[in-house]
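A structural walkthrough
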Amino acid sequence: MSMLRKINDIDLKLLRIFQTVADCGGFSAAESQLNIARSTISTHMADLESRLGLTLCQRGRAGFALTEEGKTVYDAVEEVFAVLDGFRHQVNGLHEKLTGELNIICSDAIVADPRFKLTETLDAFIAKAPDVTINISTNSLPEMEQALIDGRAHICFAPRHRDLSSLNYRPLYNEDYFLYCHAKHPLFAVESDTLKDADLSKHKFIHPGIQTIGQASLAMEGLKRSANAYIYEVRMALVKTGQYIGFFPSHYVQPWLSKKELRALCPDTRHYAVDIAALTRKTGPQDKLLKQLMIQLNQVYS
């Protein structure tokens with residue numbers, strides 16, 4: 001019952017987890033979004049229920065469902081985080097000058113793509129907000145999504161592999177992905193007109209380790225999932241062993257293609273395209289720093 005007397009950071013974290021589980025409709029669905037194991041989610045939920053002295057959800061063979069108390073707590077959690085967002089927005093609004101910190105997360109290798117105009121965007125932003133501290137980091141898609149939901153990031157730049165209802169997606173440009181093998185791989189020497197899906201399915205495939213939809217799922221269908229690697233550098237390290245095949249964005253592999261160290265496999269069928277997008281949180285008032293950055297971003301990509 002301690003939460004009823006005083007709410008601390010741990011309690012807020014548990015409430016965020018509960019909110020995500022409820023939004024996703026269960027522990028399994030929330031696992032990838034929270035990027036933590038189902039057993040850990042279960043532990044956190046049990047801790048929250050113990051702190052509140054309430055049973056928030058029913059889980060078992062019949063599926064996941066919020067209890068009546070859980071529905072009431074969920075509504076209250078929505079109100080709490082809306083108030084916190086409003087507080088942050090109002091405090092930022094007290095400053096005529098743009099100050100504070102702008103938190104940006106980029107998917108790996110995007111910055112090296114000349115079509116990703118981060119330099120131009122930040123150059124224009126800094127001219128408008130010279131006193132703002134800019135923090136830029138790299139992370140996986142699930143971590144980026146959660147950082148936005150938690151309010152730890154203002155904006156993320158990533159391939160649009162999936163859409164979450166709580167996020168906005170501003171497409172920037174389109175990226176093509178193809179399936180590649182290294183020169184040391186047995187498939188490298190196989191003639192293109194004789195290479196079949198049955199041949200591909202016999203070899204180890206590196207999955208990006210995240211939920212994929214649409215073209216990406218179709219392009220990966222039937223492949224032998226033998227490793228998981230979201231970060232391109234790690235994925236490339238596995239491909240260069242000559243033991244694995246994997247998907248990469250076309251701009252990323254140019255150095256290896258120019259040296260004839262990589263080859264695209266069945267490019268007509270093992271191919272998909274996704275938007276590189278700017279991801280922002282949909283709910284709550286827009287932060288002044290983010291609003292200014294989006295103005296510059298839209299001008300650069302106009």
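Residues numbered from 1 in each chain as written. Predicted model: local features only at pLDDT ≥ 70, side-chain atom pairs only at ≥ 80, totals over all residues. Heavy atoms only, no water.

Sheet analysis places strand 3 (residues 101-106) next to strand 4 (residues 133-138), joined by 6 bridges and oriented parallel. Residue pairing for strand 4: I104 is matched across the bridge by I136. Considered for its hand, the β-α-β crossover made up of strand 3, helix 6 (residues 118-128) and strand 4 is right-handed. Judged from the 3 bridges that link them, strand 3 and strand 5 (residues 155-159) form a sheet pairing that is parallel. By the bridge assignment, C106 is partnered in strand 5 with F157. (Pairing = 2+ DSSP bridges. Helix = DSSP H or I, 4+ residues; strand = E, 2+ residues; numbered from the N terminus. Right-handed = clockwise from strand over helix to strand, strands pointing away.)

In this section: the side chain of S140. Position of S140 among the secondary structure elements: in the loop between strand 4 and helix 7 (141-150). Residue classification places S140 among the buried positions, given a relative accessible area of 15%. What S140 contacts, discounting residues up to four positions off in sequence, is N35 and Y230. (Buried < 20%, exposed > 50% of the residue type's maximum accessible area, 1.4 Å probe, protein only. Contact = heavy atoms within 4.5 Å.)

We now examine empty space enclosed by the protein. The method is simple in principle: a probe with the dimensions of a water molecule rolls over the atoms, and the space it marks as empty is what remains. Counting across every chain of the model gives 2 cavities of 30 Å³ or more. Considering only enclosed or pocket space, the largest cavity measures out at about 50 Å³ in volume. Along the walls of the largest cavity sit S107, P159, H161, Y177, P208, Y230, Y232, R235 and Y272, which together make up its complete lining. Classifying every residue of the lining of the largest cavity gives 6 nonpolar, 2 polar and 1 charged. Reported here for the second largest cavity is a volume of approximately 40 Å³. In the lining of the second largest cavity, the residues fall into 6 nonpolar, 1 polar and 2 charged. (1 Å grid on protein atoms, 1.4 Å probe; cavity = no way out; pocket = protein on both sides within 12 Å on 5 of 7 lines; lining within 4 Å. Points joined across faces, edges and corners; volume = space filled by probe spheres on them. Nonpolar A, V, L, I, M, F, W, Y, C, P; charged D, E, K, R; others polar.)

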